[in-house]
Amino acid sequence: MRNVRIFDTTLRDGEQAAGGALTIDEKLEIGRQLARLNVDVIEAGFPFTSPGDFRAVDLLARELRNVEVAGLSGFKREQIDTTWDALKAAARPLLHIVISTSDIHLQHQLHERREVVLDLTRDSVGHARTLTDHIEFSAMDATRSDLDFVSEVFSAAIESGATVVNFPDTVGYAQPAEFAEMVRYVMDQTRGIEDVVLSVHCHDDLGQAVANSLAAVKEGAAQVECTINGVGERAGNASLEEIVMALRTRGDYFAADTRLVSTELARSSRLVSNYMGMVVPPNKAVIGANAFAHASGLHQDGMLKERTTYEIMDPSDVGLDESSIVLGKTSGRHAFRDRLKRMGYRLADDEFQAAFQAFKEIADRKKTITDRDLEAIVQNEQRRAFHQTFELLHVQVSTGTGAMPTATVRLRSDDGEEHVDAGIGTGPVDAIYQAINRLVKVPNQLTEFSINSVTEGIDAIGEVTIRIESNGKTFSGHGADTDILVASAQAYVNALNRLMAGLGKGWSTTPEATLLADASGVPGI
Ligand code: KIV
Ligand code: ZN
């Protein structure tokens, strides 16, 4: 079996999804989970575009020692220097430089001729080579470029020191057989390609990102760039879990596999979905709630006789097996700590105390606590530990047939003051949101609201995911509790905290961040 490198770009391209912006603490948690999943590369951000991205790349570079950490850069020397500053503490840094190669981009965006792009390639990679010896070079919009020109640019990048060359379908335009042909052509035409890693990076505008990536692997691509749940710009990127499981399930066809710990896939998916506020559709391949649900009588009959009649993967291989009952209300601190440790969580002392307190409260209301419940409890507490402008202290609702739904809410602001108000609404959630609006006073619109239960049973923890819009920007929020009204209130406060932290897509936290973003030279990726 040939090994295919998995380059995860959830924290860079994935975070570019509308409403998907993450706090630095959330990035670190996702980075740790990606390391548990054993991806080969974590692209942690685009340091030149904002101080927040710079800090995130620097933090992940210092923290994640057993994985390559990549940072994206434009082609200008000052951008490369800044990116390297953010990356250089990494045990295994990968400096990623991007330049457009299609005539559409050259004419309308870069306003440069092909010869200039070739010079910029040599200059940028050559400059990066004075800083580090592991450099990825990407030819943006490669699939709409003249392939002879891409091959020429790749040859120049390799001659100048690139160790990975990446062939992106930036706008999700290519079709699988065509993409395979393009990859083969570029491999044939590029000088020195046999000494470097050929990578592909596919977007899903026409729903072909995974198919295109796999077609390229079949042609010999040695690295695939993808994101958890396929999150990303516009329709998103290739979905990591689908690629990994296609290779693992059809090794007979691809003669290739990855180093990933597939049992961590479902947990990685839930973490990214919760933090980004992007609900995974039930019919999503590999990790959707229905991916292993057999509804028709004929299928159920087959499954009872022999699982492989209708299942090509075992749900336990992707971490979707039955949650084991682990703890109950009599479980003590020791058992709780031990279980969290075995699940791979490392909590600071105050986070642990808060999580234990939350566990006890939930265990009073819910008979048995499974791993999935623990995951929801811990994530909820971690979210609270991140900086919040407002913290939800109390919510109380009165509702019922013929009643006017009324809610009372108490919040604490980050200056320590407590604020109480009440609201009425068309339903209990509306009443809670009206009360919060009266306290927070930030105009916004609720655009999406969804509730899922973490496990089965009437006493299950409910997870609420919402999206709000303010000034044309989208913010997500998430909450979890056995009481779905409390979870709804948590989700709204979480979304408002993100709004106030300036985490909306395209929203820079400081004026200098806006200036840096404008000056990045790589608009619109
Ligand atoms: O889609 C794209 O072309 C990119 C590059 C930076 C690789 O994201
Ligand atoms: Zn991309």
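The following refers to the structure shown. The model shown is predicted, which means the values in this text are computed figures rather than measured ones.

Per the secondary structure count, the chain includes 18 helices and 18 strands. For 525 residues, the compact-globule formula gives about 24 Å, and the C-alpha radius of gyration of the chain, at 24 Å, lands near that figure. Summarising its shape, the C-alpha atoms of the chain cover approximately 70 × 65 × 45 Å along the three principal directions. Residues counted as buried form 56% of the 525 residues belonging to the chain. A separation of at least 24 residues holds for 67% of the contacts in the chain among residues at least 6 apart in sequence. Accessible surface, the chain: about 21,800 Å² in total, of which carbon and sulfur atoms supply 50%.

What follows concerns a nonpolar patch on the surface. There is a patch of nonpolar side chains on the surface, built from Leu446, Phe449, Ile451 and Ile484 and spanning about 310 Å² of accessible area. With three residues, strand β16 (residues 445-453) is the largest single contributor of residues to the nonpolar patch. By secondary structure assignment, the location of Ile451 is in strand β16. The partly exposed category is assigned to Ile451, whose relative accessible area is 39%.

Attention shifts here to the sheet that holds strand β17 (residues 462-470). Judged by pairing direction, the sheet is antiparallel, and its three strands sit side by side in the order β16-β17-β18 without closing on themselves. Of all the strands in the sheet, just β16 and β18 (473-481) have a single pairing partner and so form its edges. Taken over all neighbouring pairs, the strand axes of this sheet differ in orientation by 15° on average, direction set aside. When β17 meets β18, the two strands line up antiparallel, connected through nine bridges. Note on β18: the bridge partner recorded for Gly462 is Asp481.

Here the focus is the packing of aromatic side chains. With the rule as written, the count across this model stands at nine aromatic pairs. Centre to centre, the rings of Tyr433 and Tyr492 are 4.1 Å apart; their planes meet at 10°, and the pair counts as stacked. Of this pair, Tyr433 sits in helix α16 (residues 428-440) while Tyr492 sits in helix α17 (residues 484-500), and the two are 59 residues apart along the sequence. By relative accessible area, Tyr433 is classed as buried at 6%. Here Tyr492 falls in the buried class, since its relative accessible area comes to 2%. Taken together, the ring pairs in this structure connect Phe336, Phe352, Phe356 and Phe359 into an aromatic cluster. Cation over ring: Arg36 sits above Tyr345, and NZ or CZ is 5.9 Å from the ring centre. The ring centre of Phe149 lies 5.1 Å from the NZ or CZ of Arg114, which sits over that ring.

Before going further, it helps to spend a moment on the packing of helix α1 (residues 24-37) against helix α2 (residues 51-63). Packing of α1 against α2 leaves a shortest axis separation of 10 Å and a crossing angle of 35°. You can see that α1 and α2 cross each other, and the crossing is right-handed. Of the residues in α2, those in contact with Ile24, Lys27, Leu28, Gly31 and Arg32 of α1 are Asp53, Arg55, Ala56, Leu59, Leu60 and Glu63.

This paragraph deals with the coordination of the zinc ion (ligand 2). Around the zinc ion (ligand 2), the protein contributes the donor atoms Asp13 (OD), His201 (NE2) and His203 (NE2), at 2.0 to 2.1 Å from the metal centre. All donors of the zinc ion (ligand 2) belong to a single chain; written as a sequence motif, their spacing is D-x187-H-x1-H. Across this residue pair, the class does not change: His201 and His203 are buried.

This part covers the packing of α16 against α17. At a minimum axis distance of 10 Å, the contact between α16 and α17 shows a crossing angle of 35°. Crossing hand, α16 versus α17: right-handed. Here Pro428, Val429, Ile432, Tyr433, Ile436, Asn437 and Val440 of α16 lie close against α17, whose contacting residues are Leu485, Ser488, Ala489, Ala491, Tyr492, Val493, Leu496 and Met500. Among the residues forming the contact of α16 with α17, the class breakdown is 13 nonpolar, two polar and no charged.

What follows covers empty space enclosed by the protein. Under the criterion given, the structure shown has two cavities of 30 Å³ or more. Empty space within the second largest cavity amounts to approximately 50 Å³. Forming the walls of the second largest cavity are Glu29, Gln33, Arg36, Arg267, Leu271, Tyr275, Tyr345, Gln379 and Gln382. Breaking the lining of the second largest cavity down by element, the ones donating at least two residues are α1, α11 (265-276) and α15 (371-385). Class assignment of the residues belonging to the lining of the second largest cavity gives a composition of three nonpolar, three polar and three charged.

With six of six residues buried, strand β7 (residues 164-169) is to be regarded as a mostly interior element. Here β7 shows a buried face lined by Val164, Asn166 and Pro168 and a second buried face lined by Val165, Phe167 and Asp169. In the classification by handedness, the crossover that spans strand β6 (residues 135-140), the intervening helix α6 (residues 147-160) and the parallel β7 is right-handed. Inspection of the sheet shows β7 paired to strand β8 (residues 197-202) by six bridges, in the parallel sense. When the sheet's bridge partners are listed, Val164 is paired in β8 with Val197. One crossover worth recording links β7 to the parallel β8 by way of helix α7 (residues 176-189), and it is right-handed.

With that out of the way, let us pick up the sheet that holds strand β15 (residues 418-424). The strand order across the open sheet formed by three strands is β13-β14-β15, and the pairing between neighbours is antiparallel. With partners counted over all chains shown, the strands left at the sheet margins are β13 (390-398) and β15, one partner each. Put simply, the sheet's adjacent strands are angled 20° from each other on average, direction ignored. Pairing geometry for β13 and strand β14 (residues 406-413), over eight bridges, is antiparallel. Its bridge partner lying in β14, Val397 is registered against Ala407.

Criteria and cut-off values
- Residues numbered from 1 in each chain as written.
- Chains lettered and ligands numbered in written order.
- Predicted model: local features only at pLDDT ≥ 70, side-chain atom pairs only at ≥ 80, totals over all residues.
- Heavy atoms only, no water.
- Helix = DSSP H or I, 4+ residues; strand = E, 2+ residues; numbered from the N terminus.
- Rg over C-alpha atoms; globule rule 2.2 N^0.38 Å.
- Buried < 20%, exposed > 50% of the residue type's maximum accessible area, 1.4 Å probe, protein only.
- Contact = heavy atoms within 4.5 Å.
- Areas by Shrake-Rupley, 256 points an atom, 1.4 Å probe, with all protein chains shown as cover.
- Patch = residues over 30% accessible without salt bridge, like charges linked within 9 Å, V, L, I, M, F, W, Y side chains within 5 Å.
- Salt bridge = Lys/Arg side-chain N within 4 Å of Asp/Glu carboxyl O.
- Pairing = 2+ DSSP bridges.
- Axes fitted to C-alpha atoms, helices over the stretch in contact; angles between N-to-C directions.
- Phe/Tyr/Trp six-rings, centres within 6.5 Å; stacked < 30°, edge-to-face > 60°.
- Lys NZ or Arg CZ within 6 Å of the ring centre and 35° of its normal.
- Left-handed = near helix turned anticlockwise from the far one by under 90°.
- Donors = N, O, S within 2.8 Å, 3.2 Å for Na, K, Ca; no water.
- Nonpolar A, V, L, I, M, F, W, Y, C, P; charged D, E, K, R; others polar.
- 1 Å grid on protein atoms, 1.4 Å probe; cavity = no way out; pocket = protein on both sides within 12 Å on 5 of 7 lines; lining within 4 Å.
- Points joined across faces, edges and corners; volume = space filled by probe spheres on them.
- Right-handed = clockwise from strand over helix to strand, strands pointing away.

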